[in-house]
Amino acid sequence: MKFLSYWHDTAPAFAGAAQGPVEGHFDVAVIGGGFTGLAAARQLAKAGSKVVVLEAEKVGWGASGRNGGHLNNGLAHSYLATKAELGKERAIALYKALDDSIDTIEALIAEEGIDCSLRRAGKLKLASKPQHFEAIACNFEAVHAEVDPDTALLSADDLKQELGAPFFGAMLSKKSAMMHMGRYVVGLAEAATRHGATIFEQAAVTEHRQEGGRHALKTTRGNVTADAVLVATGAYTPSTFGYFRRRIIAVGSFIIATRPLTAEEIEATMPGNRTCVTSMNIGNYFRLSPDSRLIFGGRARFSATSDQRSDAKSGAILKASLAEIFPQLANVDIDYCWGGLVDMTKDRFPRAGYHDGVWYAMGYSGHGAQLSTHLGMIIADAILDRPDRNPLKGFEWPAVPGHFGKPWFLPLVGMYYKMLDRVR
């Protein structure tokens, strides 16, 4: 078993990173070489801006290369809960932003010729308990009537054509998709450099100052100045950006990938070949990879660390969960096990905009794979003084009380959600 991301291990290496010291003046400095930062850099470079991307590791090293490979429309909350909290108009706008995000990715892939196995698979929100199906059905009625007619409600009997696992029904969101995240992020980086962006890897930002209308950035490989800065680092935001660190809760999410399954195993397990998410608070998500592996993830442990020892503990928990859902795969070999950090906000709504001279987009709360490309391009347009399309404009973003970058409270949160899953 390899303790590394399947997406990293099965993608080509990015060969377009700039060599030599980090130096010079740029129109825009983008901090973070994931989906958000690379999409913004491509958009800016296409418009003629001189743009630099400063990535602490390799492009796609963080959440963009460590997720479950889903491009799911819909919100982190139910639509009904979002409408109750934010009002119908804003709930619809946010829901449509997720729809638009997948359209944006699809168009970008076609324009740049990126080979990443994009497929509109549809997503199943699976009811783990009978009462969960009742809530899913109520949410479906509102979604289908008010915001997304490309949805369907499936009974437990309907699901027999989709899954070899016992669930109590599901909501099908037909617009949702999947792709190979590693090949996409490398293709996105190649597109950004092709349009003129400069990408520095192994260039962690250690200091940021604003002076004389310019930004000065110190990195581990040298220094640059820029007229504008976009912070696109999510859960991996450096300590020099304390404002964001106090508002982002870094939560570990862990994933395993089986050996390639046989045609018979796929037919017995996931004949529908969609992205799937269970309805538990501490639930699971899964899909088939382009080479027929079952990629199975979840918040196995409430931790803000991801190293081999942590990943191994979480991998064992995930393998037990996989066997519980799919007993026919209980003894299947696990080829990959990895973890990464998810940038959660307290209310699980993302944030994007401008604060104290700095642009930002982050806080995707488990929905970043689909939203990040779209928001990166939207914030790039805002930097270019193009019409404001930011669906998150005006969102208040208070700091998390008692939080200064290290989420000491995660074990308590985990205990709370485990209790909810037992009683609800």
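Right above here is the structure, for reference.
Residues numbered from 1 in each chain as written. Predicted model: local features only at pLDDT ≥ 70, side-chain atom pairs only at ≥ 80, totals over all residues. Heavy atoms only, no water.

Before going further, it helps to examine the overall build of the protein chain. On a plain count of helices and strands, the protein chain comes out with 12 helices and 18 strands. If one aligns the C-alpha atoms of the protein chain with their principal axes, the spans along those axes are about 65 × 45 × 45 Å. For the protein chain, the proportion of its 424 residues judged to be buried stands at 57%. Looking at the protein chain as shown, the accessible area adds up to about 17300 Å², and 51% of this sits on carbon and sulfur atoms. Placing the 46 positive and 44 negative side-chain charges of the protein chain at their respective mean positions leaves the two points 5 Å apart. (Helix = DSSP H or I, 4+ residues; strand = E, 2+ residues; numbered from the N terminus. Buried < 20%, exposed > 50% of the residue type's maximum accessible area, 1.4 Å probe, protein only. Areas by Shrake-Rupley, 256 points an atom, 1.4 Å probe, with all protein chains shown as cover. Lys, Arg positive; Asp, Glu negative; His and termini not counted. Charge placed at Lys NZ, Arg CZ, Asp CG, Glu CD.)

As a further point, take helix 5 (residues 130-146). One full turn of an α-helix is made of 3.6 residues, so residues set three or four places apart face in the same direction. Taking 1.5 Å as the rise per residue, helix 5 with 17 residues should run 24 Å; its terminal C-alpha atoms sit 25 Å apart, in good agreement. Along helix 5, the residues classified as buried are His-132, Ile-136, Ala-137, Asn-139, Phe-140, Ala-142 and Val-143. Buried-residue contacts for helix 5 involve helix 3 (79-86), helix 4 (88-112), strand 4 (123-126), strand 5 (151-154) and strand 6 (170-173). (Expected span 1.5 Å × (residues − 1). Contact = heavy atoms within 4.5 Å.)

Counted under the stated rule, the structure contains 14 aromatic pairs. Plain terms: the ring middles of Phe-286 and Phe-326 are 5.4 Å apart, the flat faces sit at 85 degrees to each other, and that makes the pair edge-to-face. Residue Phe-286 is found in strand 14 (residues 284-288), and its partner Phe-326 is found in the loop between helix 10 (308-325) and strand 16 (334-344); the two are separated by 40 residues along the sequence. Over the aromatic face of Phe-26 sits the side chain of Lys-50, whose NZ or CZ is 5.0 Å from the ring centroid. (Phe/Tyr/Trp six-rings, centres within 6.5 Å; stacked < 30°, edge-to-face > 60°. Lys NZ or Arg CZ within 6 Å of the ring centre and 35° of its normal.)

This paragraph deals with the pairing of strand 11 (residues 222-231). Of all the 10 residues making up strand 11, seven are buried; the element is thus mostly covered by neighbouring parts of the structure. Looking at chain direction, strand 1 (residues 25-31) and strand 11 are connected through six bridges and run parallel. Across the sheet, the residue bridging to Ala-29 is Val-229, located in strand 11. As paired elements, strand 10 (residues 214-219) and strand 11 share five bridges and run antiparallel to each other. Residue pairing for strand 11: Thr-219 is matched across the bridge by Gly-222. From the end of strand 10 to the start of strand 11, which pair antiparallel, there are two residues. Pairing geometry for strand 11 and strand 18 (residues 358-362), over two bridges, is parallel. (Pairing = 2+ DSSP bridges.)

Moving on, we come to the sheet that holds strand 15 (residues 294-298). Overall, mixed pairing links the eight strands, which are arranged 5-6-4-13-14-15-12-16 in an open sheet. Because the sheet does not close on itself, it has two edges, and the strands there are strand 5 and strand 16. The sheet shows a mean angle of 20 degrees between the axes of neighbouring strands, direction not considered. For strand 4 and strand 13 (residues 275-278), the ladder comprises four bridges, and the chain directions are parallel. Looking at the pairing, Lys-125 lines up with Val-277 of strand 13. (Axes fitted to C-alpha atoms, helices over the stretch in contact; angles between N-to-C directions.)

Judged by how many residues are buried, strand 15 sits mostly within the fold: five of five residues are covered. As defined by bridge partners, strand 12 (residues 249-258) adjoins strand 15 across four bridges and the pair is classed as antiparallel. Looking at the pairing, Ile-255 lines up with Gly-297 of strand 15.

This paragraph deals with unusual backbone geometry. Leave glycine aside and you will find that most residues have negative phi; peptide bonds, for their part, are mostly trans. The phi dihedral of Asn-273 falls on the positive side, at around 55 degrees, and the residue is not glycine. Relative to the helices and strands, Asn-273 is located in the loop between helix 9 (263-269) and strand 13. Given a relative accessible area of 26%, Asn-273 falls into the partly exposed group. At Asp-385, a residue that is not glycine, the phi angle is positive and equals roughly 65 degrees. Inspection of the secondary structure puts Asp-385 in the loop between helix 11 (368-383) and helix 12 (410-423). We classify Asp-385 as exposed; its relative accessible area is 71%.

Attention now moves to empty space enclosed by the protein. All chains considered together, the criterion is met by one cavity of 30 Å³ or more. In this structure, the largest cavity occupies an estimated 120 Å³ of space. Lining the largest cavity are 14 residues, and of these Leu-75, Ala-76, Leu-98, Pro-350 and Leu-371 sit closest to its centre. Per-element accounting of the lining of the largest cavity gives the leading share, three residues, to helix 4. Within the lining of the largest cavity, the residues separate by chemical class into 11 nonpolar, two polar and one charged. (1 Å grid on protein atoms, 1.4 Å probe; cavity = no way out; pocket = protein on both sides within 12 Å on 5 of 7 lines; lining within 4 Å. Points joined across faces, edges and corners; volume = space filled by probe spheres on them. Nonpolar A, V, L, I, M, F, W, Y, C, P; charged D, E, K, R; others polar.)

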